[in-house]
Amino acid sequence: MPCHSILIRLEDIAVKKLPVGDSNIALDLRDGYTVVGGLTFEPDSIEVSGPESNVEELNEILTVEKEYQNKRSDFSDRINIR
């Protein structure tokens, strides 16, 4: 009977709180308008956990790509994270 082997890798679980980034959001505002104070996310950060080698590489939470066009007043929206 052939001999089979198995390799099992274990790693510590890490937990890290990451800010939500706005790099995937594009704003096309009407002429004469500007963003004041930047974008605000609620919540502004999310706690992630997983293998330490994966979590330590993360710097921010990315949203899905979203484009807002022709805006001229305050607005809010729901957006998914990646």
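Before reading further, recall that the structure is shown in the block above.
Note that the coordinates shown come from a computational prediction; the quantities given were computed from them, not determined experimentally. (Residues numbered from 1 in each chain as written. Predicted model: local features only at pLDDT ≥ 70, side-chain atom pairs only at ≥ 80, totals over all residues. Heavy atoms only, no water.)

Peer 1: Can you break down the overall build of the protein residue by residue, with the values?
Peer 2: Looking only at helices and strands, the protein features 1 helix and 4 strands. Ordered by position from the N terminus, the helices and strands of the protein form the series β-β-β-α-β. Rg of the C-alpha trace for the protein: 20 Å, well past the compact-globule value of 12 Å for 82 residues, more than 25% over. Dimensions of the protein along its principal axes, counting C-alpha atoms only, are 75 × 25 × 20 Å. Of all 82 residues assigned to the protein, the portion counted as buried reaches 17%. Long-range contacts, defined as pairs at least 24 residues apart, comprise 70% of the intrachain contacts of the protein with a sequence gap of at least 6. Within the structure as shown, the protein displays about 7300 Å² of accessible surface, and the carbon and sulfur contribution to it stands at 46%. Computed over 9 positive and 16 negative side-chain charges, the separation of the two mean positions in the protein equals 8 Å. (Helix = DSSP H or I, 4+ residues; strand = E, 2+ residues; numbered from the N terminus. Rg over C-alpha atoms; globule rule 2.2 N^0.38 Å. Buried < 20%, exposed > 50% of the residue type's maximum accessible area, 1.4 Å probe, protein only. Contact = heavy atoms within 4.5 Å. Areas by Shrake-Rupley, 256 points an atom, 1.4 Å probe, with all protein chains shown as cover. Lys, Arg positive; Asp, Glu negative; His and termini not counted. Charge placed at Lys NZ, Arg CZ, Asp CG, Glu CD.)

Peer 1: Could you give an account of the nonpolar core, with specific residues and numbers?
Peer 2: Residues Ala14, Leu18, Val20, Ile25, Phe41, Val48, Val55, Ile61 and Tyr68 constitute the largest nonpolar core, which totals 9 residues. Sequence-distant contacts of Val55, defined by excluding residues within four places in its chain, comprise Ala14, Lys16, Val48, Ser49 and Gly50. (Core = buried A, V, L, I, M, F, W, Y, C linked by side-chain atoms within 4.5 Å.)

Peer 1: Which residues make up a negative patch on the surface, and what values go with them?
Peer 2: On the surface, Glu11, Asp12, Glu52, Glu56 and Glu57 cluster together into a patch of negative charge. Within the secondary structure, Glu52 sits in helix α1 (residues 52–55). (Patch = residues over 30% accessible without salt bridge, like charges linked within 9 Å, V, L, I, M, F, W, Y side chains within 5 Å. Salt bridge = Lys/Arg side-chain N within 4 Å of Asp/Glu carboxyl O.)

Peer 1: Give a detailed account of the packing of aromatic side chains, specifying residues and quantitative values.
Peer 2: Taken as a whole and judged by the stated rule, the model has 1 aromatic pair. Arranged with centres 4.9 Å apart and planes meeting at 50°, the rings of Tyr68 and Phe75 form a pair that is tilted. Here the basic side chain of Lys71 rests over the ring of Phe75, its NZ or CZ set 4.5 Å away from the ring centre. (Phe/Tyr/Trp six-rings, centres within 6.5 Å; stacked < 30°, edge-to-face > 60°. Lys NZ or Arg CZ within 6 Å of the ring centre and 35° of its normal.)

Peer 1: An account of the layout of surface pockets is requested, with residue identities and associated values reported.
Peer 2: Within this model, the largest pocket holds a volume of roughly 780 Å³. Leu39, Thr40, Phe75, Ser76 and Asp77 are the residues nearest the centre of the largest pocket, which is lined by 27 residues in total. When contributions to the lining of the largest pocket are tallied by element, the ones reaching two or more residues are β2 (25–29) and β4 (66–71). The greatest single-element share of the lining of the largest pocket, amounting to 3 residues, is contributed by β2. Partitioning the lining of the largest pocket into residue classes produces 15 nonpolar, 6 polar and 6 charged. (1 Å grid on protein atoms, 1.4 Å probe; cavity = no way out; pocket = protein on both sides within 12 Å on 5 of 7 lines; lining within 4 Å. Points joined across faces, edges and corners; volume = space filled by probe spheres on them. Nonpolar A, V, L, I, M, F, W, Y, C, P; charged D, E, K, R; others polar.)

Peer 1: Explain the pattern of salt bridges to me, and be specific about the residues and the numbers.
Peer 2: Throughout the structure, instances matching the rule amount to 1 salt bridge. Note that Lys66 and Asp77 form a salt bridge whose closest N and O atoms lie 3.2 Å from each other. With a gap of 11 residues between them, Lys66 in strand β4 and Asp77 in the segment after β4 connect regions that are remote in the sequence. Overall, the relative accessible area of 30% leaves Lys66 in the partly exposed class. Judged by relative accessible area, Asp77 falls into the partly exposed class, the value being 43%.

Peer 1: Pulling in residues and values, what's your account of a nonpolar patch on the surface?
Peer 2: Nonpolar side chains collect at one region of the surface, where Leu27, Val35, Leu39 and Phe75 lie side by side and expose about 290 Å² of accessible area between them. One can find Phe75 in the segment after β4.

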